[in-house]
Amino acid sequence: MSTYNDKSNTVTILGSGTSTGIPIIGCKCSVCLSENPKDKRLRTSILIETKSNKTILVDTTPDFRTQALRAKIDHVDGAIITHDHADHVHGIDDLRPLCFGPPPRNIPVFVEKNIKEHLEEKFPYIFKRESYFSKGRPILGGGIPKLDLHEVKINQEEKILEEDFIFFSLPHGHTNSLGFYHQGFAYIIDCESIPEEVLAKLEGLKVDLLIIDCVKSGTHNTHLTFEKARDYIERTKPKRAGLIHMGHGLGHEQLEKMCNEIKCSDVFPTYDEQKLKY
Ligand SMILES: [Zn+2]
Ligand SMILES: [Zn+2]
């Protein structure tokens, strides 16, 4: 870690791509065939390393093992799961090696209430161990990640892992996803809109760095588009705004040009392995 890190928090983009990842299997479009390393996007996830030395993972994608090895993650203090869609959660079993220790440890996982219930349904062997295993069906071997689910509060200040957060609930199709604010950084992921209450809060908080959903240009039922993300950036005026969760309709170079048209903030497409300070 650099000495600069003592005074700032760092976000690492573990993945910047939409649910398929980019390239998309079998696709021959120019973005999927692009040789620009910034067009190679694993599924969207970030890692936060705070100035108080806490390491917080946001989402466990199907690419999490690759992302963890690539970013040399050897420890996390906790994880935030934004929602239970496959592209954000299906790598959860790969948290297992981070529970090994020494000493062996449980990892706290922070979620919104309804997502807690969905995760318990999806992964009963992890989150419903008492009912999933029994005397007649004991746990054989040690192959289960030790994760403890914690429900977060919405729209109010809350300390998790001794860090100050405000969590937001964002509408995302049939579910909600969890956005948050931490010391000048706002993360707005998978949603079709940002509720007025959250926008007002972001305006008041004077955001230094915003990372925001941007799946494509045009229209989309469950995600922010470039145009919607742009409107929200123009409304909340963060100092810097990084776009994330991009599909293959948005090549890095093309998107950079589109971002340069936005004059209110420093706007850019994020890319895998990028590090941002705040
Ligand atoms: Zn997603
Ligand atoms: Zn989603």
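Further up the page is the structure itself.
Residues numbered from 1 in each chain as written. Chains lettered and ligands numbered in written order. Predicted model: local features only at pLDDT ≥ 70, side-chain atom pairs only at ≥ 80, totals over all residues. Heavy atoms only, no water.

**Observations concerning the overall build of the protein**
Quick note on the threshold: What counts as a helix is a DSSP run of H or I of at least four residues, what counts as a strand is a run of E of at least two, and both are numbered from the N terminus. Both definitions apply: the radius of gyration is a C-alpha atom measure, and the globule rule equals 2.2 Å times residues to the power 0.38. Note on exposure labels: buried denotes an accessible area under 20% of the residue type's maximum, exposed denotes more than 50%, and partly exposed covers the range between, all computed with a 1.4 Å probe on protein chains only. Residue contacts follow a heavy-atom distance rule, with two residues in contact if any of their heavy atoms lie within 4.5 Å. Each accessible area value is a Shrake-Rupley result obtained with a 1.4 Å probe; residue values ignore everything except the protein chains displayed when judging cover. Within this scheme the basic residues Lys and Arg register as positive and the acidic residues Asp and Glu register as negative, but His and the chain ends are omitted. Each charge is placed at NZ for Lys, CZ for Arg, CG for Asp and CD for Glu.
When helices and strands are tallied, the protein shows 8 helices and 14 strands. Relative to the 2.2 N^0.38 estimate, which gives 19 Å for 278 residues, the radius of gyration of the protein is 19 Å and therefore close to what a compact globule would have. Across its three principal directions, the C-alpha atoms of the protein cover 65 × 45 × 40 Å. Within the span of the protein, comprising 278 residues, buried residues form 54% of the whole. Summarising the internal contacts of the protein: among those between residues at least 6 apart in sequence, 67% fall at separations of at least 24. In the structure as shown, the protein presents an accessible area of about 12800 Å², 51% of it carried by carbon and sulfur atoms. Mean positive and mean negative side-chain charge positions of the protein (36 and 40 charges, respectively) differ by 3 Å.

**As for the layout of surface pockets**
By rolling a water-sized probe across the atoms, one finds the places where empty space is left. Formally: Definitions used throughout: a 1 Å grid over protein atoms alone; a cavity as a set of points that fits a 1.4 Å probe which cannot get out; a pocket as an open set with protein on both sides within 12 Å along at least five of seven lines; a lining residue as one with an atom within 4 Å of a point. Grid points are joined across faces, edges and corners, and a volume is the space filled by probe spheres set on the points.
Considering only enclosed or pocket space, the largest pocket measures out at about 160 Å³ in volume. Along its surface, the largest pocket is lined by Phe64, Arg65, Ala68, Leu69, Lys72, Ile73, Asp94, Pro97 and Leu98.

**Thoughts on the coordination of the zinc ion (ligand 2)**
Note the threshold: Sites may look incomplete because water is not among the atoms; the donors themselves are N, O and S atoms within 2.8 Å of the metal, or within 3.2 Å for Na, K and Ca. For four-coordinate sites, all angles between 85 and 135 degrees define a tetrahedron; for four- and six-coordinate sites, opposite donors beyond 155 degrees with the remaining angles between 65 and 115 define square planar and octahedral shapes respectively, and all other cases count as irregular.
Those protein atoms acting as donors to the zinc ion (ligand 2) are His83 (NE2), His85 (ND1), His172 (NE2) and Asp190 (OD), and they sit at 2.2 to 2.3 Å. Considering all 4 donor atoms around the zinc ion (ligand 2), angles at the metal cover 88 to 175° and the coordination shape is irregular. In terms of primary sequence, the donors binding the zinc ion (ligand 2) are separated according to H-x1-H-x86-H-x17-D. A separation of 3.5 Å is found between the zinc ion (ligand 2) and the zinc ion (ligand 1), which are bridged by aspartate 190. In this pair, histidine 172 is assigned in strand β8 (residues 163–172) and aspartate 190 in the loop between β10 (185–188) and α6 (196–205), connecting sequence segments 18 residues apart. Neither histidine 172 nor aspartate 190 differs from the other in exposure class; each is buried.

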